[in-house]
Amino acid sequence: MSQAATAPQGEKLLYTGRAHTQGGRDHGVARSDDGQLEVKFSPPGSGRPGTNPEQMLAAGWSACFEGALDILARKRRVTLASDPTIDAEVDLNYGGDGFFLRARLNVSLPGVEPDVAQALVEEAHQICPYSKALSKSIDVTVSLV
């Protein structure tokens, strides 16, 4: 089963998400240990019920990024006229080295001055845990739209 995660000296573990998946991306089901998430998987374009890992990554990354924007807006005392909207795209590609991902975020901050919005987006990309992890391993683009 799973081991309890421990944080290195000077770090504080805030949360551990746990899911159990059986059947994989073509016909699997993933369930969280707390019962709050149950997702069926199916291949893109198959017409069968379910989502795929790329959609799950896009949803998680965009939600995390919005949280980073909210933290920064409060820190900088910037009033957001409405909730930011974030369109995330995660591409599954195949090339000479096999399968790989490429990802983009298109962020809209209505009612925020363009230079302030651009600064918020750039800083959010630096502090969002998903952005940090993805930027180290795949081609990522984050744009203010």
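What you see is a predicted model; the values in this text were computed from it and never measured. (Residues numbered from 1 in each chain as written. Predicted model: local features only at pLDDT ≥ 70, side-chain atom pairs only at ≥ 80, totals over all residues. Heavy atoms only, no water.)

Peer 1: Would you mind showing me how to read the confidence of the model for the protein chain here?
Peer 2: The predicted coordinates should not be examined in detail at positions where pLDDT is low. Of all residues in the protein chain, 97% have pLDDT values of 70 or greater, and the mean over the chain is 94. For the protein chain, helix α1 (residues 24-27) is the element with the lowest average pLDDT, namely 92, and helix α3 (residues 114-127) is the one with the highest, namely 98. (pLDDT = per-residue confidence, 0-100. Helix = DSSP H or I, 4+ residues; strand = E, 2+ residues; numbered from the N terminus.)

Peer 1: So what exactly am I meant to see when it comes to the sheet that holds strand β1 (residues 19-22) here?
Peer 2: Strand order in the open sheet formed by three strands is β1-β2-β3, and the pairing between neighbours is antiparallel. The open sheet has two edge strands with one neighbour each: β1 and β3 (38-40). Pairs of neighbouring strands in the sheet enclose a mean axial angle of 15°, with direction left out of account. (Pairing = 2+ DSSP bridges. Axes fitted to C-alpha atoms, helices over the stretch in contact; angles between N-to-C directions.)

Peer 1: Can you help me understand helix α2 (residues 53-76) in this one?
Peer 2: At 3.6 residues per turn, the α-helix brings residues three or four places apart onto the same side. Compared with the 34 Å implied by 1.5 Å per residue over 24 residues, the 34 Å span of α2 between its first and last C-alpha is a close match. Looking at α2, one finds that the buried residues are Glu-54, Ala-58, Gly-60, Trp-61, Ser-62, Cys-64, Phe-65, Ala-68, Leu-69, Leu-72 and Ala-73. Structurally, α2 contributes buried residues whose contacts are with α1, β4 (85-95), β5 (98-108), α3, α4 (129-135) and β6 (139-144). Put simply, Asn-52 is the residue that caps the front of α2, since its side-chain oxygen is 3.1 Å from the backbone nitrogen of Glu-54. Downstream of α2 by a residue or two, Arg-77 has a phi angle that is positive, lying close to 60°. (Expected span 1.5 Å × (residues − 1). Buried < 20%, exposed > 50% of the residue type's maximum accessible area, 1.4 Å probe, protein only. Contact = heavy atoms within 4.5 Å. Polar contact = N/O pair within 3.5 Å; in protein donor to acceptor, adjacent residues only side chain to side chain.)

Peer 1: I keep staring at the pattern of salt bridges and nothing clicks. Help me out?
Peer 2: In a structure, side chains of opposite charge can pair up when their charged atoms sit close to one another. Scanning the model with the defined rule gives seven salt bridges in all. Its salt-bridge partner being Arg-31, residue Glu-38 comes within 3.4 Å of it at the nearest N-O pair. A salt bridge links Arg-76 to Glu-123, with the nearest nitrogen and oxygen atoms 2.7 Å apart. Remark: Glu-123 occurs in helix α3 and Arg-76 occurs in helix α2; sequence separation between them is 47 residues. (Salt bridge = Lys/Arg side-chain N within 4 Å of Asp/Glu carboxyl O.)

Peer 1: Would you mind going over the packing of α2 against α3 with me for this structure?
Peer 2: Between two packed helices, the angle of one axis relative to the other and the distance separating the axes together describe the packing. Interhelical geometry of α2 versus α3 gives an angle of 120° and a closest axis separation of 9 Å. With respect to each other, α2 and α3 are oriented oblique. Along this stretch, α2 crosses α3, giving a crossing that reads as right-handed. Mapping the contact onto sequence places Phe-65, Ala-68, Leu-69, Leu-72, Ala-73, Lys-75 and Arg-76 in α2 and Ala-119, Leu-120, Val-121, Glu-123, Ala-124, His-125 and Ile-127 in α3. By residue class, the composition of the contact of α2 with α3 is ten nonpolar, one polar and three charged. (Parallel < 35°, antiparallel > 145°, perpendicular 65-115°, else oblique. Left-handed = near helix turned anticlockwise from the far one by under 90°. Nonpolar A, V, L, I, M, F, W, Y, C, P; charged D, E, K, R; others polar.)

Peer 1: What exactly am I supposed to notice about the side chain of Ser-62 here?
Peer 2: Relative to the elements of secondary structure, Ser-62 occurs in helix α2. Using a relative accessible area of 15% as the deciding quantity, one classes Ser-62 as buried. Of note is the side chain of Ser-62, whose polar atom sits 2.9 Å from the backbone oxygen of Ala-58. Among the polar contacts listed, one links the side chain of Ser-62 to the backbone oxygen of Ala-59, at a separation of 3.2 Å. Ignoring any residue separated from it by four or fewer positions in sequence, one finds Ser-62 in contact with Ile-86, Ala-88 and Leu-105.

Peer 1: Sorry if this is basic, but what is going on with unusual backbone geometry here?
Peer 2: Across the chain, the bulk of peptide bonds are trans and the bulk of non-glycine residues have phi less than zero. A positive phi is found at Arg-77, a non-glycine position, where the angle reads about 60°. Mapping Arg-77 onto the fold places it in the loop between α2 and β4.

Peer 1: Any chance you could explain the sheet that holds β5 here in plain terms?
Peer 2: Read from one edge to the other, the open sheet built from three strands follows the order β4-β5-β6, with strand pairing classed as mixed. Edge positions in the sheet fall to β4 and β6, since each has one partner strand and no second. Taken pair by pair, the neighbouring strands of this sheet meet at an average axis angle of 15°, ignoring direction. Note: β4 against β5, eleven bridges, orientation antiparallel. From the neighbouring strand, Glu-89 faces β5, where its bridge partner is Arg-104. Along the sheet, α2 makes contact with β4, β5 and β6, crossing β4 at roughly 140°. Running over the sheet, α3 touches β5 and β6 and is turned about 155° from β6.

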